[in-house]
Amino acid sequence: MTSPADSAGLGSPAGRYRMLRLIRGFEELALDLVRSGAITGGIHPYIGQEAVAVGVCAALRPQDRITSTHRGHGHVLAKGAAPDRLLAELLGRTSGLNQGRGGSMHAADFSLGILGANGIVGAGGPIAVGAAWSARQAGEDRVAVAFFGDGALNQGVLLESFNLAAMWQLPVLFVCENNGYATTLPAATAVAGSATGRAAAFGIPAAEVDGMDTEAVRSAATEAVTRARGGGGPGFLECRTYRFEGHHTMERLMKLHYRTAEEIADWREHDPLPRAAALLPDGLAAKLDASVREQLAAAEQFALGSEHPDPERALDHLYADGLRPRAGSTA
Ligand SMILES: Cc1ncc(C[n+]2csc(CCOP(=O)(O)OP(=O)(O)O)c2C)c(N)n1
Ligand SMILES: [Mg+2]
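Residues numbered from 1 in each chain as written. Chains lettered and ligands numbered in written order. Predicted model: local features only at pLDDT ≥ 70, side-chain atom pairs only at ≥ 80, totals over all residues. Heavy atoms only, no water.

Topic: the site of ligand 1
- Residues in contact with ligand 1 amount to 15 residues; listed here are only the nearest, His70, Arg71, Gly119, Gly151 and Asn179.
- Within the side chain of arginine 71, an N or O atom sits 2.8 Å from an oxygen atom of ligand 1.
- At 2.8 Å, a backbone N or O of glycine 119 approaches a nitrogen atom of ligand 1.
- Computed on the free molecule, ligand 1 has an accessible area of 580 Å², of which 71% lies beneath the protein chains in the complex.
- The residue makeup of the shell around ligand 1, split by class, is five nonpolar, eight polar and two charged. (Near = heavy atom within 4 Å. Polar contact = N/O pair within 3.5 Å; in protein donor to acceptor, adjacent residues only side chain to side chain. Areas by Shrake-Rupley, 256 points an atom, 1.4 Å probe, with all protein chains shown as cover. Nonpolar A, V, L, I, M, F, W, Y, C, P; charged D, E, K, R; others polar.)

Here we look at the nonpolar core
- Judged by nonpolar contacts, the single largest core of 66 residues is most densely connected at Met19, Val56, Leu86, Val145, Phe147, Leu173 and Val175.
- Looking at which element gives the most residues to this core, the answer is helix 1 (residues 13–35), with 11 residues.
- With sequence-adjacent residues up to four places away left out, valine 56 is seen in contact with Val145, Phe147, Val175, Val217 and Ala221. (Core = buried A, V, L, I, M, F, W, Y, C linked by side-chain atoms within 4.5 Å. Buried < 20%, exposed > 50% of the residue type's maximum accessible area, 1.4 Å probe, protein only. Helix = DSSP H or I, 4+ residues; strand = E, 2+ residues; numbered from the N terminus. Contact = heavy atoms within 4.5 Å.)

Focus: the coordination of the magnesium ion (ligand 2)
- Every protein donor of the magnesium ion (ligand 2) is listed here as Asp150 (OD), Asn179 (OD1) and Tyr181 (O), and their distances to the metal cover 2.1 to 2.2 Å.
- Look at where the donors of the magnesium ion (ligand 2) fall in the sequence and you get D-x28-N-x1-Y. Tyrosine 181 carries the same exposure label as asparagine 179, and that label is buried. (Donors = N, O, S within 2.8 Å, 3.2 Å for Na, K, Ca; no water.)

This is the structure we're talking about:
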């Protein structure tokens, strides 16, 4: 039997701290690569929210499944994806997790139960419900987790997912990362009632947790995952969190004023990394930081040294049977 989080090494406070640092460092590196133009387009940085991905994935087993969002790098890494191949994916290289064809918002690794980041707000909900249903049909005790933001709470498809999960008592955990904003729209002006109240209305046990505290998230997620795995049906966690960077990398150029410098500074006081470091013996966090720096330097070298796809092969993988459209077809 496998213990939780074996594949990503999240079974100890040191392993969890290292993963927080890896996600933070990965995002900082990706930001640099966007600014230098090496990564084309933008990304949605996860910086500030790391405790949610790490705390939840620490409650999972390798065969469990997750679905993610447009802000997905943290979830993908915490579930065990190789950072060098995720970076190559962001850079559009053939060595990427998805041969450079998914990019930041569609990175996936089915072999690790990562059913994909997702550019469509709320779309991970029904996919996770389907994964939970398939586990039930197969007689396996896998659970599925759907990560989504506060913005998804207003998507009908998510509420439909709550309904099916509750009606069929499926082993799925809904994790709402409430970072206070959907793009620039404050959740306080957009979400009627409360997040937990919405889940509770479907009879889904719902809890609110400090999403800047890895251990608090892990313990709440472990309770819900254990219940779901044992046949107790779905769960819902609202993790109160904050993104330290803009909604996406283009925001720097947009001169938006939807949050104050004081608000950002206040939340930075709750940075999940120092909190997790404080649980470790003296000197260990610095050692782990150094090993992450080395790992990311190697990842950067690997990704930047990897090949770009051949334009001749741009239409490969469009059709399940590998066929290209007929010459002259516009389909
Ligand atoms: C169905 C759909 N509607 C609108 C968008 C455009 N969009 C992209 S991200 C985003 C905000 C999402 O906010 P939230 O769910 O709170 O996640 P966060 O960005 O805060 O992590 C929106 C509206 C989209 N991608 N998909
Ligand atoms: Mg949000």
